[in-house]
Amino acid sequence: MEPFKILKGKTVPLDRVNIDTDQIIPKQFLKRIERTGFGEFLFNDWRFNNDGSLKKDFILNKDIYRSSSILLTGDNFGSGSSREHAAWALYDYGFRSILAPSFADIFYNNCFQNGLLPIILPKEKIIDLIDESINNDGLELTIDLESQVIFNINLEINIKFDIDPYRKYCMLNGLDNIGLTLQHIDKIEKFEKLKN
Amino acid sequence: MVNNNPKTLLDKIWESHVVYEEESQPSILYVDLHLIHEVTTPQAFEGLRLAGRKVRRPDLTVATADHNTPTWDRAKPITDPISKQQLTTLSENCKEFGITLYDMNHPLQGIVHVIGPEQGYTRPGMVIVCGDSHTSTHGAFGSLAFGIGTSEVEHVLATQTLRQFKPKSMEIRVDGSLGFGVTAKDVILGIIGKIGVAGATGYAVEYTGEVIRSLSMESRMTICNMSIEAGGRAGMVAPDKTTFQYIEGRTNAPKGEEFDKSIEKWSSLNTDVGAEYDKLVCVSGDDIEPYVTWGTNPGMVVPVTEVIPDPEFFDNLQEKESAARALKYMGLKSGTPISEIAIDRVFIGSCTNSRIEDLEAAALIIQGRRVNANVSAMVVPGSYAVKKEAENLGIDKIFKDAGFDWREAGCSMCLGMNPDILDPGERCASTSNRNFEGRQGKGGRTHLVSPQMAAAAAIAGHFVDVRDW
Ligand code: SF4
């Protein structure tokens, strides 16, 4: 996993609530057996017409947002199916962070396993950021994970965010959870012995 | 004796599975049963191989092929090459790592959440995980069961543990009794309608109360299954006699003296008097009616006696907009009575409602009648064992005589990864758990209902109140 330290990127506002993982990556694309290559199918049914052409009015398709790496969105993002393909697709497409008032549990977890930083901000903050993004054709933001702040160049935007310290540590160092857990293999073995 | 340290069911299971804990870190939790299927595991096995790791406990891992399996003639080759590749990959991985597999041609194959309990793998007090959000189903046995992502699947394969923060606990108490024609599906749809699709996010839900106690294991599974549709991490019901009776004699369940000892242990798995949940929700069973969803998430639901709501009456702008968008997608107008909505398809199946009790209930409704000429209806039993039992009882004949397709077991049109899908614009009364846009096929319109309501709609050609049937 790539370490996540500082991200400089542009926002794209996707102002909807309850976006489920069936929308993020529809099931017909779950059949690949690799982790990569899902980006082209991200939000497939919203992004493409039946003939495969782009839907012009879908926000991700607007030229100004093509290179966005920060997704701004509504409550309960990533609900529904546990498919990690949703996190893979967002990452593969180019997103590195998602800002929302709330996330669904499994999706939230999946993001951290893949170097995609989900940040929970108060609803009013998200609404402001979405409004400003719309008015300015996207905002150029810096997300500094170490100091837990999101800011723009003239510091008109300067938002602190919370994150669990363990998850932060793993993200900053790009650490593989399995390796960390295997350091405790003796405890696992002991537990198994007691259990029997 | 006064219990000075009363605990919830969640506390008890959690504490007995903590392998290691450190301040402000997720606990390392031991996993008793790891269920796997073809869609969410190929990348996990790949990861293991790349890191040169083994599956730590193949004996605690059980695999099924269910999501992609065709429900028609299985002697024919699978037409979709990528589906086929996923199924083959699962078989190869199970072979390489020594994991028991219920593949497409296994006589006991079925949906992972149907066969786990049916084969006696699912038992009280266990921690059960699977790369599938509806793993919450297994909580009906008083286990802590939840869905995980593929990276976590890999973590469990390699270590037989998971790193988890303890969820908060929520009690949903359903007191009173259910009226005639009201089912477990209506209970959970009613709850989701009340607390919303994120109402239980961050919580493990324990269902309690007279209604829950009176329900069969099948019905409890239906309720726990859809906990995730309210955002819940897990759903659970404390085990009781109903639970023990269900487990007794199942293939992989303890036998004889060992079974008796198990019951003793399982009997302590309940929430102590005085233990506190982080949140309490009360529902009266008497207020629950047969429900029908009208929108594109399971929280968009009304009783069958009502009309399609007006987005204008929703609380805030976002909700108004989502309701309006949902109605547009569903091709519905506010004010239309639910009973006037005509349907094209009926799907009875999925890990929510494909067990023998569900099929029996639906068969009672359709007995001696014919599916409406404008409707195409199918039944997909949750497993081969369910299918066989139904056939022994003659239920298949009732369905077939009425004009239903009687299919092979699997997930089928619950998510349409196999050829069973809705065409764009088609409207379906479905006993599954998700009515998301495109879930059952691009442009398809899904209304979630109980098996009885689906069966009645198949005959009438539109939704009807089963209480008037
Ligand atoms: S039946 Fe549907 S919800 Fe259940 S496991 Fe299969 S696809 Fe998932």
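Rules of the game
Residues numbered from 1 in each chain as written. Chains lettered and ligands numbered in written order. Predicted model: local features only at pLDDT ≥ 70, side-chain atom pairs only at ≥ 80, totals over all residues. Heavy atoms only, no water. Helix = DSSP H or I, 4+ residues; strand = E, 2+ residues; numbered from the N terminus. Rg over C-alpha atoms; globule rule 2.2 N^0.38 Å. Contact = heavy atoms within 4.5 Å. Areas by Shrake-Rupley, 256 points an atom, 1.4 Å probe, with all protein chains shown as cover. Lys, Arg positive; Asp, Glu negative; His and termini not counted. Charge placed at Lys NZ, Arg CZ, Asp CG, Glu CD. Pairing = 2+ DSSP bridges. Axes fitted to C-alpha atoms, helices over the stretch in contact; angles between N-to-C directions. Parallel < 35°, antiparallel > 145°, perpendicular 65-115°, else oblique. Left-handed = near helix turned anticlockwise from the far one by under 90°. Nonpolar A, V, L, I, M, F, W, Y, C, P; charged D, E, K, R; others polar. Near = heavy atom within 4 Å. Buried < 20%, exposed > 50% of the residue type's maximum accessible area, 1.4 Å probe, protein only. Core = buried A, V, L, I, M, F, W, Y, C linked by side-chain atoms within 4.5 Å. Right-handed = clockwise from strand over helix to strand, strands pointing away. Buried area = accessible area lost by both parts, 1.4 Å probe. Salt bridge = Lys/Arg side-chain N within 4 Å of Asp/Glu carboxyl O. Polar contact = N/O pair within 3.5 Å; in protein donor to acceptor, adjacent residues only side chain to side chain.

J.: Describe the overall build of chain B, and please don't skip the residues or the numbers.
T.: A tally of helices and strands in chain B yields 15 helices and 19 strands. At 22 Å, chain B has a C-alpha radius of gyration in line with the 23 Å of a compact globule built from 469 residues. Put simply, 76% of the contacts in chain B that link residues at least 6 apart link residues at least 24 apart. Carbon together with sulfur atoms contributes 49% to the accessible area of chain B, which is approximately 16,700 Å² in total. The distance from the centre of the 46 positive side-chain charges to the centre of the 61 negative ones in chain B is 4 Å.

J.: Outline the sheet that holds strand β4 (residues 61-64) of chain B, listing residues and values.
T.: Residue and element names in this part refer to chain B. Strand order in the open sheet formed by five strands is β5-β4-β3-β6-β7, with parallel pairing between adjacent strands. Strands at the two margins of the open sheet, each flanked by one partner only, are β5 (100-102) and β7 (144-147). The sheet shows a mean angle of 20° between the axes of neighbouring strands, direction not considered. Two elements, strand β6 (residues 127-130) and β7, share four bridges in a ladder whose sense is parallel. Bridged to C130 within β7 is G147.

J.: Outline the packing of helix α2 (residues 42-51) of chain B against helix α3 (residues 81-97) of chain B, supporting the account with residue identities and numerical values.
T.: Residue and element names in this part refer to chain B. It is at 10 Å that the axes of α2 and α3 come closest, and there the two elements cross at 40°. The pairing of α2 with α3 is recorded here as oblique in orientation. For α2 against α3, the interelement crossing comes out left-handed. On α3, the residues that touch P42, F45, L48 and R49 of α2 are Q86, T89, N93, E96 and F97. Residues that form the contact of α2 with α3 fall into these classes: four nonpolar, three polar and two charged.

J.: Give a detailed account of the site of the ligand, specifying residues and quantitative values.
T.: Neighbouring residues of the ligand: B:H67, B:I111, B:H113, B:D132, B:H134, B:S350, B:C351, B:C411, B:C414, B:L415, B:N433 and B:R439. By residue class, the composition of the shell around the ligand is five nonpolar, five polar and two charged.

J.: Pulling in residues and values, what's your account of unusual backbone geometry?
T.: Residues other than glycine seldom take positive phi values, yet A:N18 does so here, at roughly 55°. Along the chain, A:N18 falls in the loop between β1 (6-14) and α1 (21-24). Of the residues examined, A:N18 reaches a relative accessible area of 23% and is grouped as partly exposed. Despite not being glycine, B:S412 has its phi angle at roughly 50°, a positive value. Within the secondary structure, B:S412 is located in the loop between β17 (405-406) and β18 (427-430).

J.: Tell me about the sheet that holds strand β7 (residues 158-160) of chain A, and please be specific about residues and values.
T.: All names here are of chain A. Pairing is mixed across the open sheet formed by seven strands, whose spatial order is β4-β3-β2-β1-β5-β6-β7. Of all the strands in the sheet, the pair left with one neighbour each is β4 (117-120) and β7. Ignoring which end each strand starts from, the neighbouring axes of this sheet average 25° apart. By the bridge criterion, three bridges tie strand β5 (residues 140-144) to strand β6 (residues 149-151) in an arrangement that is antiparallel. In the strand pairing of β6, T142 is matched with F151.

J.: Explain the nonpolar core residue by residue, including any values.
T.: Ranked by size, the top nonpolar core spans 108 residues in total, and within it A:F43, A:L90, B:F399 and B:F404 carry the most contacts. Of the residues forming this core, the biggest block, seven residues, is contributed by helix α15 (residues 451-460) of chain B. Apart from the residues lying within four places of it in its own chain, the contact partners of B:F399 are B:I348, B:L359, B:A362, B:A363, B:I366, B:V379, B:F404 and B:W406.

J.: Quick rundown of the pairing of strand β3 (residues 33-37) of chain B? Include the residues and the values.
T.: All names here are of chain B. With respect to burial, β3 is a largely interior element, five of its five residues being buried. Of the two faces of β3, the one holding L33, L35 and H37 and the one holding H34 and I36 are both buried throughout. Bridging between β3 and β4 involves four bridges; their strand directions are parallel. Along β4, the bridge assignment pairs L35 with V62. Regarding the hand of the β-α-β motif, the stretch spanning β3, α2 and β4 is right-handed.

J.: So what's going on with the interface of chain A and chain B? Residues and values would help.
T.: Residue-level contacts link 54 residues of chain A with 66 residues of chain B. Summed over both partners, the interface of chain A with chain B buries about 4,900 Å², with 53% contributed by carbon and sulfur atoms. When the buried surface of chain A facing chain B is broken down by residue, A:K27, A:K31 and A:I33 rank first, second and third, together holding 16% of it. Taken together, the links from chain A to chain B amount to six salt bridges. With its nearest N and O atoms 3.1 Å apart, the salt bridge here joins A:D22 to B:R439. The interface formed by chain A and chain B includes 30 residue pairs in polar contact (both at pLDDT 80 or more).

J.: Residues and numbers for the environment of A:F4, please.
T.: You can see A:F4 is positioned in the segment before β1. Classification of A:F4 by relative accessible area gives buried; the value is 5%.

J.: Pulling in residues and values, what's your account of the side chain of B:D132?
T.: Inspection of the secondary structure assignment puts B:D132 in the loop between β6 and β7. Here B:D132 is buried and forms no salt bridge, its nearest opposite-charge partner B:R434 lying at an N-O distance of 6.5 Å. Engagement of the side chain of B:D132 in a polar contact is seen with the side chain of B:H113, the distance being 3.0 Å. Beyond its immediate sequence surroundings of up to four residues, B:D132 is in contact with A:S82, B:H37, B:H67, B:H113, B:G147 and B:I148.

J.: A description of the side chain of B:S450 should follow, citing residues and the corresponding values.
T.: Residue and element names in this part refer to chain B. Residue placement: S450 occurs in the loop between β19 (445-448) and α15. Given the relative accessible area of 0%, S450 is considered buried. Discounting residues that sit within four places of it in the chain, S450 has contacts with T183, K185, D186 and T431.

J.: Lay out the pattern of salt bridges in plain terms, naming residues and giving numbers.
T.: Within this structure, the stated rule accounts for 28 salt bridges over all chains. For B:K387, the salt bridge is made with B:E391, and the minimal N-O distance between the two is 3.5 Å. Residue B:K387 and its partner B:E391 are both found in helix α13 (residues 384-393); the two are separated by four residues, about one turn of the helix. In this structure B:K387 comes out as buried when scored by relative accessible area, which is 12%. By relative accessible area, which is 31% here, B:E391 ends up partly exposed. Here the salt bridges do not stand alone but share partners, grouping A:E192, B:R56, B:R57 and B:D59 into one network.

The analysis is restricted to geometry; functional conclusions fall outside its scope.
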